[in-house]
Amino acid sequence: MLKRVNAKVLNATRYIRPVAMTSYRQMSSSIPDTPKPTETFEFPEQEETPNVVVTNEEPIVIVMPETEADLENIVVFSPPPETRTTNRATPTEYKVIQPLFQLDETMPHNPEAFTIDCSGVDMKEEPKNPEIIAKMKETFDRVGLVHLTNTGLTELKDMKRWATGIVENEIEYKAGANPRKIVDVEANVYDVGAPNTAWLHYHHEMAYVSKSPKYLSLFCKDCPADKGWTYVSDAVAATDLILQTEFGQKLKDKGVCYVRNLTDAEFYKNKDQSMIYNHWQHSFGTTNPDEVEPIANSRGLAVEWDIRGENRFLKTKYYVSAYEYFAKLDRNILFSSVADDFMWFDTWPGVDVTPVDDRPLRLTFGDDSDMTQEEKQLFVDVHDRVGFPIKWKTGEVAVMCNWRWLHGRPGFHLAPNEKRELGVLLGETFERMGDLPGK
Ligand SMILES: [Fe+2]
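Just so we're clear, the structure is a prediction, and the values are computed from it rather than from any experiment. (Residues numbered from 1 in each chain as written. Predicted model: local features only at pLDDT ≥ 70, side-chain atom pairs only at ≥ 80, totals over all residues.)

J.: If you had to explain the overall build of the chain to someone new, which residues and values would you point to?
T.: Assigned secondary structure in the chain consists of 8 helices and 25 strands. Taking the intrachain contacts of the chain between residues at least 6 apart in sequence as the baseline, contacts between residues at least 24 apart amount to 78%. (Helix = DSSP H or I, 4+ residues; strand = E, 2+ residues; numbered from the N terminus. Contact = placed C-beta atoms within 7 Å.)

Next up, the structure:
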């Protein structure tokens, strides 16, 4: 076990901190205007191997924790209050919470319950094999999750064709908080819009806007054998867990507010954009600030402009229940997660060095009050407890109900000879209604 020590970092302009047990990466962005005087940090003490490297010459701190417990001892670097861009009198205190992403595939379902082995079926045949389609529909109806294996497919467009067996009326990804690139023009397939090294907390797709997809599909063109897996978590089981806690009841009483801080493309035009997540111009598809509010309101969002000189920040707020009524099961399901909090960026290169109060997303209770560290931990834990991996092989297609299942993944690093490419397909949307009393 490593011990804690006080490490003095002089003139820190860059630092490195862990993203996984066995790896680290260098932060690309510098923190402007960090004062020269000494800052004090607590880091694990080095033993035989250098777990902490502090250098004044080229001020970089390298921390390589060996165990999960060590991660908890890392203090997130944050510039001192006088250099911050927010007006918050008291910066939010927060210690990084790493999701577990447990490997137990039988929790809470045996994979047999949702896996369809397509061996021996010509998956490229037209029309699609009716037996497989029927199995998909039955499985989706029963579990809300379908995993096609041994499809023999290698092209995203062919996998997408099977995804549409469930996912109807594909939507174009427009209202999302972050830009996605098209990975396959022919198939109109988008990438998942996140850096590999970042862990992605379990989430329902687009829970932070008033229209969310009913279902989504992910499918695999390439994936290494031992990483890059998608994890799914059973929202029904998580709901039952969280409702047994005070926090779950508090969520029920107060609801949640999704806050988004969008930056100004015009202001950042010729500046370093490594710390930028999304500009309001991209998010709303207009450069005219007068057009933003009507579009935002049509999406159920309140807006607040924060003009600082030439820089026009936009804050959007969406107040909604933490739960969502799901007619098929005639019950409310927990529909929120920490993925829509500043925690989403804990391992995003560039954004993770931004003070938590200045990050693009924030999740609060519906009365604008913050969740405590313990409440956030509990939020992560309930989804972790009922989550498990989909261990991708080329050609596999997963389809999930966006009410009943969340998805996420740990961060990963690819060796130069490794590839990971997933396609994502989002289905038609439903209008959020929140929870129904007594359900
Ligand atoms: Fe997602």
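Now that the structure has been shown, we can carry on.
J.: Give me the lowdown on the sheet that holds strand β21 (residues 387-390), citing residues and values where you can.
T.: Ordered in space as β11-β23-β14-β21, the 4 strands form an open sheet in which the pairing is antiparallel. Every other strand in the sheet has two partners, leaving β11 (200-203) and β21 as the edge strands with one partner each. On average, each strand axis in the sheet is tilted by 25° relative to the strand beside it, whichever way the strands run. Across 4 bridges, strand β14 (residues 230-234) lies against strand β23 (residues 405-409) in antiparallel orientation. Opposite S233, over in β23, you have L406 as the bridge partner. Of the strands in this sheet, β14 and β23 are in contact with helix α4 (residues 235-242), which crosses β14 at around 55°. (Pairing = 2+ DSSP bridges. Axes fitted to C-alpha atoms, helices over the stretch in contact; angles between N-to-C directions.)

J.: I'd like a description of α4, backed by residues and values.
T.: When α4 is considered as a whole, its buried residues turn out to be A235, A238, T239 and I242. With its buried residues spanning 105° around the axis, α4 presents them on a single face. On its buried side, α4 packs onto β14, α5 (246-254), β19 (331-334), α8 (373-385) and β23. (Buried ≥ 20, exposed ≤ 12 C-beta atoms within 10 Å, placed from the backbone. Arc of directions from axis to C-beta.)

J.: Break down the sheet that holds strand β16 (residues 302-308) for me, citing the residues and quoting the values.
T.: Within a sheet, each strand pairs with its neighbour through backbone hydrogen bonds, oriented either parallel or antiparallel. Pairing within the open sheet is antiparallel, and its 4 strands lie in the order β16-β17-β15-β20. Each edge of the open sheet is held by one strand with a lone partner, namely β16 and β20 (361-365). In this sheet, adjacent strand axes meet at a mean angle of 20° when their direction is disregarded. As paired strands, β16 and strand β17 (residues 311-320) are joined by 7 bridges and run antiparallel to one another. By the bridge assignment for β17, D306 is matched with F313.

J.: Quick one: what's the story with the pairing of β23, residue by residue and with numbers?
T.: For β23, a buried count of 5 out of 5 residues is recorded, marking the element as mostly surrounded by other parts of the structure. On β23, burial covers both faces: W405, H407 and R409 on one face and L406 and G408 on the other are all buried.

J.: I'd like to hear about the pairing of strand β8 (residues 145-149), residue by residue, with values.
T.: Where burial is concerned, most of β8 is hidden: 4 out of the 5 residues are buried. Summarising the sheet, strand β7 (residues 115-117) and β8 pair through 3 bridges and their orientation is parallel. Each residue of the ladder has a partner; that of I116, found in β8, is L148. Where the polypeptide runs from β7 across helix α2 (residues 130-143) and back to β8, its parallel neighbour, the crossover connection is right-handed. Where β8 and strand β22 (residues 397-401) come together, 4 bridges link them in antiparallel fashion. Among the inter-strand pairings, V146 is bridged to a residue of β22, identified as V399. (Right-handed = clockwise from strand over helix to strand, strands pointing away.)

J.: Account for unusual backbone geometry, naming residues and giving values.
T.: Put simply, E126 and P127 share a cis peptide bond, and its omega is -10°. Relative to the elements of secondary structure, P127 occurs in the loop between β7 and α2. Positive phi, normally seen in glycine, also occurs at N150, with a value near 50°. Along the chain, the position of N150 falls in the loop between β8 and α3 (156-163).

J.: Summarise the confidence of the model for the chain; cite the residues concerned and give the values.
T.: In the predicted model, the chain carries a mean pLDDT of 76, and the fraction of residues at 70 or more is 72%. Across residues 1-87, confidence stays below pLDDT 50; counting only partners more than four residues off in sequence or on other chains, it has 138 contacts. In this model, residues 174-188 is a region of pLDDT below 50 whose contacts with residues beyond four sequence positions or in other chains number 37 contacts. (pLDDT = per-residue confidence, 0-100.)

J.: Give me the lowdown on the packing of α4 against α8, citing residues and values where you can.
T.: Packing of α4 against α8 leaves a shortest axis separation of 8 Å and a crossing angle of 135°. When the axes of α4 and α8 are compared, the pair comes out oblique. Handedness of the α4/α8 crossing: right-handed. Along the contact surface, α4 presents A238, L241 and I242, while α8 presents V382, H383 and R385. For the contact of α4 with α8, the residue count by class is 4 nonpolar, 1 polar and 1 charged. (Parallel < 35°, antiparallel > 145°, perpendicular 65-115°, else oblique. Left-handed = near helix turned anticlockwise from the far one by under 90°. Nonpolar A, V, L, I, M, F, W, Y, C, P; charged D, E, K, R; others polar.)

J.: Before we move on, could you go through the environment of A265 and cite the residues and values that matter?
T.: Note that A265 resides in the loop between β15 (256-262) and α6 (280-284). Expressed as a C-alpha distance, the spacing of A265 and T287, which sit 22 residues apart in the sequence, is 8.6 Å. Setting aside its immediate chain neighbours within four residues, A265 contacts H279, Q281 and H282.

J.: Report on the environment of P410, specifying residues and quantitative values.
T.: Relative to the helices and strands, P410 is located in the loop between β23 and β24 (421-426). Note: C-alpha distance between P410 and K227 (183 residues apart in sequence) is 8.6 Å. Non-local contacts of P410, meaning those with residues more than four positions away in its chain, are made with F101 and W199.

J.: Can you lay out α5 for me, pointing to particular residues and giving the numbers?
T.: If you check which residues of α5 are buried, you get F247, G248 and L251. For α5, the buried positions fall inside an angular range of 105° around the axis, keeping them on one side. In α5, the exposed residues that point more than 90 degrees away from the buried face are E246, Q249 and D253. Along its buried surface, α5 packs onto α4, β15 and α8. G255 lies just past α5 and shows a positive phi near 70°.

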